[in-house]
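# Survey of secondary and tertiary structure
Residues per chain are reported as follows:
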Amino acid sequence: MRYVSTRGVAPVLEFDDVLLTGLARDGGLYVPETLPALDLAACQGLSYADLATEVLGPLTGDSIPRADFRQMMADTYAAFDHTAVAPLKQIGANDWVMELFHGPTLAFKDFALQALGRFFDRVLSDRGERVTILGATSGDTGSAAIEGCRGREAVDIFILYPQGRVSDVQRRQMTTVEDANVHAIAIEGDFDDCQALVKAAFNDLQFRDRMRLSAVNSINWARVAAQVVYYVHASMALGGRPLAFSVPSGNFGNVFAGEVARRMGLAVDTLLIATNVNDILTRFFDTGEYRTRGVTATMSPSMDIQVSSNFERLLFDMVGRDGPRVQGLMDNLKQSGGFTAPEDTFARAQQTFMARRIDEDATLAEMRRVHRETGEILDPHSAIGTAAARQARIDRRIADHVPTVSLATAHPAKFPDAVKRAIGIHPALPERLADLHDRKERSITLPNDLGAIQRHLQTHARIAQDAS
Ligand SMILES: *Cc1c(COP(=O)(O)O)cnc(C)c1O
């Protein structure tokens, strides 16, 4: 299977290279040249791991032999705490929540990153190579990436996080991992500083090549692909009826996976994009104008974004897969902070997508409502999803007969302060993390300085030691 860049210039690649490359060399994102069709009959009645083999195998170009792939998927989803892996719970007459937080770090990012770590190890050991993964995190991505890569022979992972600006649980999930190939680094700066450092390290091409730098951020195609599986899983669980999915969204990776599922033939009525007050996506789907604003800190920090990096993948399809046209729109975004979507394509996108913005008060109110009416405890991100679904139902934008499935993207114990504030209950960590606060932390602090980061990698990455 071949993958092309959304900017149309970078070389066409096979899956293994798309996995290792992350961002295309022309600044674009890789997408499959053509999508495989789902065999929905074959998807029925499968365990989650077998469903992942059926759905995800073709999305990775079947580059790993079927039997090996099946085993990898069995290992990947055995790391989850719930036998259903992604259980569905009914919270209304025709409304469900799909719990995507039973993985090792309690957020949906585990679904993709647990698989990704295994893909990296497999592809690299086949080639006898090693890489150094470098990433920045505002919280959830870092711990999920670390859990996916810990102890892997072919990978060293360095994650930068803003000192004092991630929650206790989030920090400890990164700093208490003992494996020698894991390096959590507190940066004296904010998340933007961390991201700028990562970008600068990648832009130093000599350094990048010497360290074999690689990325696992949400623009990596393999992450989107792995997320397609649970959309199919929900559909199978609810009998194959067309569903409306409500997806708490930031970088547009999760909801775009739903769009991929739809294009592969899944019955999808609506993809509802639920945002907090950082609502570039909601404003876009209301007006057709994609325009940046500043970032506001909220109770749902994993959705506090200025631009949605995966949105470019939808845009590519909206403009008829015209790479230069995407390049032009992205240039506008860079130079003047925004662009307007071509009208005809925008109308088409609106047939599938709809968006809602849920502010802080409405988020708290929804956490209270769901707890009162059903006993379920939602984290703020997940509550934004159910609140959006409920609004769309009340507005009759989603018909009564269409089941809604809201994606619960984080475990409530990951955001205990917000939960406490909403319903007065301090949610307990699941058993596997119950002793998190007693574990020994191992972290170092570095200044907001590229040279310091580079020296640190040079000293600690195995690839540098291999070479010297
Ligand atoms: C990352 C994250 C999101 C946003 O997902 P995107 O794929 O970036 O849209 C929502 N909720 C939680 C808990 C997250 O960690």
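I will try to describe carefully the structure that is included in this document. In this text, all values refer to a predicted model and were calculated from it rather than measured experimentally. (Residues numbered from 1 in each chain as written. Predicted model: local features only at pLDDT ≥ 70, side-chain atom pairs only at ≥ 80, totals over all residues. Heavy atoms only, no water.)

Moving on: the overall build of the protein chain. Scanning the protein chain for helices and strands turns up 20 helices and 15 strands. Computed over its C-alpha atoms, the radius of gyration of the protein chain comes to 21 Å, within 12% of the 23 Å expected for a compact globule of 468 residues. A buried classification covers 59% of the 468 residues belonging to the protein chain. Long-range contacts, defined as pairs at least 24 residues apart, comprise 74% of the intrachain contacts of the protein chain with a sequence gap of at least 6. Accessible surface computed for the protein chain: about 18,100 Å², of which carbon and sulfur atoms make up 46%. Here the protein chain contributes 50 positively and 59 negatively charged side chains, and the mean placements of these two sets differ by 2 Å. (Helix = DSSP H or I, 4+ residues; strand = E, 2+ residues; numbered from the N terminus. Rg over C-alpha atoms; globule rule 2.2 N^0.38 Å. Buried < 20%, exposed > 50% of the residue type's maximum accessible area, 1.4 Å probe, protein only. Contact = heavy atoms within 4.5 Å. Areas by Shrake-Rupley, 256 points an atom, 1.4 Å probe, with all protein chains shown as cover. Lys, Arg positive; Asp, Glu negative; His and termini not counted. Charge placed at Lys NZ, Arg CZ, Asp CG, Glu CD.)

What follows concerns helix H17 (residues 380-394). Along an α-helix, a turn takes 3.6 residues, which lines up residues three or four apart on a common side. The terminal C-alpha atoms of H17, which comprises 15 residues, lie 21 Å apart, in line with the 21 Å expected from a rise of 1.5 Å per residue. With respect to burial, H17 is a largely interior element, 12 of its 15 residues being buried. Turning to H17, its buried residues are Pro 380, His 381, Ser 382, Ala 383, Ile 384, Gly 385, Thr 386, Ala 387, Ala 388, Ala 389, Ala 392 and Arg 393. (Expected span 1.5 Å × (residues − 1).)

The subject of this paragraph is the packing of helix H16 (residues 360-374) against helix H18 (residues 416-423). Axis separation between H16 and H18 bottoms out at 8 Å; the angle between their running directions is 70°. In terms of orientation, H16 lies roughly perpendicular with respect to H18. Along this stretch, H16 crosses H18, giving a crossing that reads as right-handed. Facing Leu 364, Met 367, Arg 368 and His 371 of H16, the residues of H18 in contact are Ala 418, Val 419, Arg 421, Ala 422 and Ile 423. A per-class count over the contact of H16 with H18 returns 6 nonpolar, 1 polar and 2 charged. (Axes fitted to C-alpha atoms, helices over the stretch in contact; angles between N-to-C directions. Parallel < 35°, antiparallel > 145°, perpendicular 65-115°, else oblique. Left-handed = near helix turned anticlockwise from the far one by under 90°. Nonpolar A, V, L, I, M, F, W, Y, C, P; charged D, E, K, R; others polar.)

By the criterion of burial, strand E5 (residues 131-136) is predominantly enclosed, with 5 of the 6 residues buried. Alignment of E5 against strand E6 (residues 155-162), held across 6 bridges, turns out to be parallel. Directly across from Leu 134, in E6, lies its bridge partner Phe 158. Regarding topology, helix H6 (residues 140-149) serves as the crossover connection from E5 to the parallel E6, and that connection is right-handed. In the sheet, E5 pairs with strand E8 (residues 213-214) via 2 bridges, with the strands oriented parallel. Directly across from Thr 132, in E8, lies its bridge partner Leu 213. (Pairing = 2+ DSSP bridges. Right-handed = clockwise from strand over helix to strand, strands pointing away.)

Next up on the list: the side chain of Ser 382. For Ser 382, the position within the fold is in helix H17. Ignoring anything within four residues of it in the chain, the contact list for Ser 382 reads Pro 248, Leu 407, Ala 408, Thr 409 and Ala 410.

Attention shifts here to the side chain of Thr 105. In this structure, Thr 105 sits in the loop between strand E4 (95-99) and helix H5 (109-127). By relative accessible area, which is 1% here, Thr 105 ends up buried.

Right, let's get into the site of the ligand. Not every one of the 15 residues close to the ligand is listed here, only the nearest: Lys 109, Asp 140, Gly 250, Asn 251 and Thr 409. Between the ligand and Gly 250, the relevant distance is 2.7 Å, taken from an oxygen atom to a main-chain nitrogen or oxygen of the residue. In isolation the ligand exposes 390 Å². Once the protein is present, 97% of that is buried. Within the shell around the ligand, the residues separate by chemical class into 5 nonpolar, 8 polar and 2 charged. (Near = heavy atom within 4 Å. Polar contact = N/O pair within 3.5 Å; in protein donor to acceptor, adjacent residues only side chain to side chain.)

Now for the sheet that holds strand E10 (residues 268-275). Spatial ordering of the open sheet is given by E3-E4-E14-E9-E10-E13, a layout of 6 strands whose pairing is mixed. With one partner strand each, in any of the chains shown, strand E3 (88-92) and strand E13 (353-357) form the two edges of the open sheet. Adjacent strand axes in the sheet meet at a mean angle of 25°, parallel and antiparallel pairs treated alike. Both E10 and E13 contribute to a ladder of 5 bridges, which runs parallel. If you follow Ala 274 over to E13, its bridge partner there is Arg 356. Running over the sheet, helix H15 (residues 343-352) touches E10 and E13 and is turned about 75° from E13.

Turning to the sheet that holds E8, a few remarks are in order. As summarised here, the arrangement of the 5 strands in space is E8-E5-E6-E7-E15, forming an open sheet in which the pairing is parallel. Single-partner strands in this sheet number two, and they are E8 and strand E15 (444-446). Relative to E15, strand E7 (residues 182-187) is paired through 3 bridges, and the arrangement is parallel. Across the sheet, the residue bridging to Ile 185 is Ile 444, located in E15.

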